[in-house]
Amino acid sequence: MESAIVKPYSKAAAARKLVALIPARDEGPTVASVVRDVRRHLNCPVVVIDDGSSDDTGEEARSAGATVLTLPFSLGAWGAAQAGIRYAASAGYEVVVTLDADGQHHAESIPALVHGLNLADVVIGACPERLSWAKHLAWAYFRWLTGLDIQDFTSGLRIYNRRAIELLAERHASLLDYQDVGVLMLLSRRGLRICERPVAMSQRQAGHSRVFSSWFAVSRYMLQTTVLCIARIGNGNGGRRRASLAS
């Protein structure tokens, strides 16, 4: 396990270089409280990407103080996240935090994750304990298939530095349906270092996962991700990049 001297966290410094991105679709019941929580703990701009919601997600986010990017139709979780990342890249932000709008992620854990950029280009807030046995089995399969030593592939709580922001804003990062395995493989192949740090997560407060909403959705996810992994491996995976789960 690696260690590093961590500089004291400065909210004022973070406000100048860090932005929080929250992709959201039909998350009206929870998005405002998530925005307020992030603003309270990070004192940074918060951008909600309204992914074609049919409810009051955008209005709730604005009422809590967020900037809202309204997409004319749903692009999916990764498409919405990439729209936010492109916004951050064009605005010159050095650090991007992504988190879910459903209340699972705790904003108070984010400053420690930001410190992880002292050791890596991408930091994932990981909570493997929340995963079902089926997800543990699926992640073991994807670890074997990709060579990525990641314990929590689907965590949406991530910190990206400027190098990662610029890479993920590029056009070739657009042809992905999900923000987990494909995005991590892309980052790894470009030589970026990924690490995980343990965080606590809550149960979703409302709604349901779009990826794991039904057995059909799960089957589609597994098939598409497997094909993507095989295609990436066929092009050369650029060597295995280890992701450590630091304590």
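Our structure's up above, just so we're on the same page.
(A) Layout of helix H4 (residues 76–91). The end-to-end C-alpha distance of H4, which contains 16 residues, comes to 23 Å, matching closely the 22 Å that a straight helix rising 1.5 Å per residue would cover. Listed in full, the buried residues belonging to H4 are Gly76, Trp78, Gly79, Ala80, Ala81, Gln82, Gly84, Ile85, Ala88 and Ala89. Directly after H4, the chain includes Gly92, whose backbone phi takes a positive value near 85 degrees.

(B) Quick look at the sheet that holds strand S5 (residues 122–126). Overall, mixed pairing links the 7 strands, which are arranged S3-S2-S1-S4-S6-S5-S7 in an open sheet. The open sheet has two edge strands with one neighbour each: strand S3 (67–71) and strand S7 (194–198). The mean angle between the axes of side-by-side strands here comes to 20 degrees, regardless of whether they run parallel or antiparallel. Strands in contact with helix H2 (residues 31–42) are strand S1 (18–24) and strand S2 (46–51); relative to S2, the strand with the most contacts, it is inclined by about 160 degrees. Helix H8 (residues 181–189) contacts S5, strand S6 (158–160) and S7 of the sheet and is inclined by roughly 30 degrees relative to S6.

(C) Local environment of H8. Of all 9 residues that make up H8, 8 are buried, and the element is covered over most of its length. Among all positions in H8, only Val181, Gly182, Val183, Leu184, Met185, Leu186, Leu187 and Ser188 are buried. Trailing H8 by a residue or two, Gly191 shows a phi angle of about 85 degrees, which is positive.

(D) Layout of a negative patch on the surface. On the surface, Asp26, Asp55, Asp56 and Glu59 cluster together into a negatively charged patch. Tracing the backbone through its elements, the reader meets Asp56 in the loop between S2 and helix H3 (57–63). Overall, Asp56 belongs to the partly exposed group, its relative accessible area being 35%.

(E) Structural detail: the pairing of S5. With respect to burial, S5 is a largely interior element, 5 of its 5 residues being buried. Judged by which residues are buried, S5 turns out to be covered on both faces: Val122, Ile124 and Ala126 on one side and Val123 and Gly125 on the other are all buried. Across 3 bridges, S5 lies against S6 in antiparallel orientation. Paired with Val123 across the bridge in S6 is Ile159. Two elements, S5 and S7, share 5 bridges in a ladder whose sense is parallel. Bridge pairing in S7 places Gly125 opposite Arg197.

Definitions and cut-offs
- Residues numbered from 1 in each chain as written.
- Predicted model: local features only at pLDDT ≥ 70, side-chain atom pairs only at ≥ 80, totals over all residues.
- Heavy atoms only, no water.
- Helix = DSSP H or I, 4+ residues; strand = E, 2+ residues; numbered from the N terminus.
- Expected span 1.5 Å × (residues − 1).
- Buried < 20%, exposed > 50% of the residue type's maximum accessible area, 1.4 Å probe, protein only.
- Pairing = 2+ DSSP bridges.
- Axes fitted to C-alpha atoms, helices over the stretch in contact; angles between N-to-C directions.
- Contact = heavy atoms within 4.5 Å.
- Patch = residues over 30% accessible without salt bridge, like charges linked within 9 Å, V, L, I, M, F, W, Y side chains within 5 Å.
- Areas by Shrake-Rupley, 256 points an atom, 1.4 Å probe, with all protein chains shown as cover.
- Salt bridge = Lys/Arg side-chain N within 4 Å of Asp/Glu carboxyl O.
- Lys, Arg positive; Asp, Glu negative; His and termini not counted.
- Charge placed at Lys NZ, Arg CZ, Asp CG, Glu CD.

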